[in-house]
Amino acid sequence: MKFNWLISGTPDPATKKVCIDLEYRLRPRITKFLLSQFDGDYLLDFSKFHFDVDLKNEWVWISEETPYDIIEKIKADFDRDINGSALFSVA
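The following paragraphs examine the structure supplied in this document. Values in this document were obtained by computation on a predicted structure and should not be read as measured data.

A look at the sheet that holds strand 1 (residues 2-6)
Argument step 1. Strand order across the open sheet formed by 3 strands is 1-2-3, with mixed pairing between neighbours. Single-partner strands in this sheet number two, and they are strand 1 and strand 3 (59-62). Across the sheet, the axes of successive neighbouring strands diverge by a mean angle of 25 degrees, strand direction being ignored.
Argument step 2. Bridge count for strand 1 against strand 2 (residues 50-54) is 5 bridges, and the pairing is parallel. Paired with Trp 5 across the two strands is Val 53, which belongs to strand 2.
Argument step 3. Along the sheet, helix 1 (residues 13-38) makes contact with strand 1, strand 2 and strand 3, crossing strand 1 at roughly 140 degrees.
Argument step 4. Across the sheet, helix 2 (residues 68-83) is in contact with strand 2 and strand 3; its angle to strand 3 comes to roughly 175 degrees.

Quick word on helix 2
Argument step 1. The largest bend in helix 2 comes to about 60 degrees, at Ile 74.
Argument step 2. Within helix 2, burial applies to Ile 70, Ile 71, Ile 74, Phe 78, Asp 79, Ile 82 and Asn 83.
Argument step 3. Close packing links the buried residues of helix 2 with helix 1, strand 2 and strand 3.
Argument step 4. Trailing helix 2 by a residue or two, Gly 84 shows a phi angle of about 80 degrees, which is positive.

With respect to the pairing of strand 2
Argument step 1. Most of strand 2 sits inside the fold, with 5 of its 5 residues counted as buried.
Argument step 2. Side-chain alternation along strand 2 places His 50, Asp 52 and Asp 54 on one buried face and Phe 51 and Val 53 on a second face that is also buried.
Argument step 3. Inspection of the sheet shows strand 2 paired to strand 3 by 4 bridges, in the antiparallel sense. In the sheet register, Asp 52 faces strand 3, and the bridge partner there is Trp 61.
Argument step 4. Connecting the antiparallel pair strand 2 and strand 3 is a turn made up of 4 residues, with Glu 58 showing a positive phi of about 55 degrees.

Definitions and limits used
- Residues numbered from 1 in each chain as written.
- Predicted model: local features only at pLDDT ≥ 70, side-chain atom pairs only at ≥ 80, totals over all residues.
- Heavy atoms only, no water.
- Pairing = 2+ DSSP bridges.
- Helix = DSSP H or I, 4+ residues; strand = E, 2+ residues; numbered from the N terminus.
- Axes fitted to C-alpha atoms, helices over the stretch in contact; angles between N-to-C directions.
- Contact = heavy atoms within 4.5 Å.
- Bend = angle between axes of the 7 residues up to and from the residue.
- Buried < 20%, exposed > 50% of the residue type's maximum accessible area, 1.4 Å probe, protein only.

That's the geometry; what it means functionally is another story.
Now the structure itself:
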């Protein structure tokens, strides 16, 4: 699983700490979500999952670097379960 941080400018040490803290909160939530979506019917290789994180707006998108078939499988529930909104987000 790869997180691409969308940050304007050069991150300072405080911003880097915020990113680390946020990643530690996001990884378990996203992992649990992915496991519930694939429920053993798909061999999960978490390295195929890419997410863009907008630090300013606190929003997570499914990156277009994620394979299309995976995006199609998770897009219906991703934003509701991860971002708390029913909007669909593929960066």
